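Residues per chain, in single letters:
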Amino acid sequence: MFLENDLENILKASYHISNMNVKQSNESFKHELLHTLSQHLGYHHMLFWEISNNELNAPVLLNIEGHTINDYLQIYQKFDPLHPQNIGTQHSIQLMNRNEVMCVQKQTHYKEVFLKENRYEDEMAMYLRVDNKLVAVIGFLRKTGEKLFNEKDILKLVYLKRNIENMYSLHHYSQPSILFKMTEREREVLNFVFKGLKNGEIAQQLFISENTIKKHLQNLYRKFQVTNRTQLLAKCLKYIDHV
């Protein structure tokens, strides 16, 4: 099924992934991985989601506009047949047109409204597991007029999936604890968030402006790779005794 050029590109991608710097920042690691897949396998529209508490965290994007992801998170993710909460099997790589778990009406709405409005035609997903736990999803999109994903695409990624999971695992083990990345002020803000205080109330407690609180929260969202307070609280519960 593979041409000689296909095999060469898979080997190049595998070599590059195996030699990635696992100690670089989380965002840089994801960007490099996506660019590697783009360069060697020709996937030009991708996103890397990390998963915590069965929710997708803020993704790293390659050639996908931010407003598309905002619409997805606010409205359309519940219609996505490849969302981790919607898939019915544990296949490591899935094609949108092969997933029959969701009702036809929802799939049609997702494809005809969300994808077409953003000029996309098809999608594919690779689910990454570490210690048998689902930790991340790499999404692949094809623009309108491009060739649909098929079995050949699945096979290409199958050859790389274990390598990607191993390097992703090493990368995370090599990262310094997020506790050491927080400033003292961010720790204070986080404590007040746990207590249920609103931004204005936290500002009064710390004698700083509400805008400054918002900036500290944005920094915390970025460091914990979340997009809102609910996700922040869920992800850092294990640190509550230490902040």
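Cut-offs and rules
Residues numbered from 1 in each chain as written. Predicted model: local features only at pLDDT ≥ 70, side-chain atom pairs only at ≥ 80, totals over all residues. Heavy atoms only, no water. Helix = DSSP H or I, 4+ residues; strand = E, 2+ residues; numbered from the N terminus. Buried < 20%, exposed > 50% of the residue type's maximum accessible area, 1.4 Å probe, protein only. Contact = heavy atoms within 4.5 Å. Areas by Shrake-Rupley, 256 points an atom, 1.4 Å probe, with all protein chains shown as cover. pLDDT = per-residue confidence, 0-100. Core = buried A, V, L, I, M, F, W, Y, C linked by side-chain atoms within 4.5 Å. Expected span 1.5 Å × (residues − 1). Phe/Tyr/Trp six-rings, centres within 6.5 Å; stacked < 30°, edge-to-face > 60°. Arc of directions from axis to C-beta.

### Considerations on the overall build of the protein
Of the regular secondary structure elements, the protein holds nine helices and six strands. Expressed as a percentage of its 243 residues, the buried residues of the protein come to 49%. Nonlocal contacts in the protein, meaning residues at least 24 apart in sequence, comprise 61% of its contacts between residues at least 6 apart. With an accessible surface of roughly 13100 Å², the protein has 50% of that area assigned to carbon and sulfur atoms.

### As for the confidence of the model for the protein
When pLDDT is averaged along the protein, the result is 86, and 90% of the positions lie at 70 or above. Predicted confidence in the protein is weakest over strand β2 (residues 55-56), with a mean pLDDT of 78, and strongest over helix α2 (residues 26-41), with 94. Residue range residues 239-243 is modelled with pLDDT below 50. Its contacts to residues more than four positions away, or to other chains, number eleven contacts.

### Concerning the side chain of Lys 30
Looking at the element boundaries, Lys 30 is found in helix α2. When residues no more than four places from it in sequence are discounted, the contact partners of Lys 30 are Phe 48, Glu 50, Val 60 and Gln 225.

### A short note on the side chain of Thr 68
As for its position among the elements, Thr 68 is in helix α3 (residues 66-76). When near neighbours in sequence (up to four residues on either side) are disregarded, Thr 68 contacts Phe 114, Asn 118 and Tyr 120.

### Focus: the nonpolar core
Core analysis: the largest hydrophobic core is formed by 33 residues, its most contacted members being Phe 48, Ile 138, Phe 140 and Ile 164. Among the elements of the structure, α1 (4-18), α2, β1 (46-52), β3 (60-62), β4 (93-95), β5 (120-130), β6 (133-143) and α5 (151-174) are those that each provide at least two residues to this core. If you tally residues by element for this core, the top one is α5, at six residues. Those residues within four positions of Ile 164 in sequence are excluded, and the remaining contacts are Ile 17, Leu 33, Leu 37, Met 126, Leu 128 and Ile 138.

### Observations regarding helix α4 (residues 104-117)
An ideal rise of 1.5 Å per residue puts 20 Å on 14 residues; α4 measures up with 19 Å between its terminal C-alpha atoms. For α4, the set of buried residues is Gln 107, Tyr 110, Phe 114 and Leu 115. Here the buried face of α4 lies against α3, β5 and β6. Looking at the residues trailing α4, positive phi occurs at Arg 119, about 65 degrees.

### Details of the packing of aromatic side chains
Applying the stated rule across the entire model yields eight aromatic pairs. Ring geometry for Tyr 43 versus Phe 140: centroids 5.1 Å apart, planes at 70 degrees, classification edge-to-face. Taken as a pair, Tyr 43 in the loop between α2 and β1 and Phe 140 in strand β6 lie far apart in primary sequence, 97 residues in all. Per residue, the accessibility class of Tyr 43 equals that of Phe 140, and both read buried.

### Side note on helix α7 (residues 199-206)
Looking only at α7, the buried set comprises Asn 199, Ile 202, Ala 203 and Leu 206. Take α7 and look down its axis: the buried residues cluster within an arc of 100 degrees, on one side only. Contacts from the buried residues of α7 go to α6 (184-194), α8 (210-224) and α9 (229-235). Phi turns positive, to about 60 degrees, at Phe 207, one or two residues after α7.

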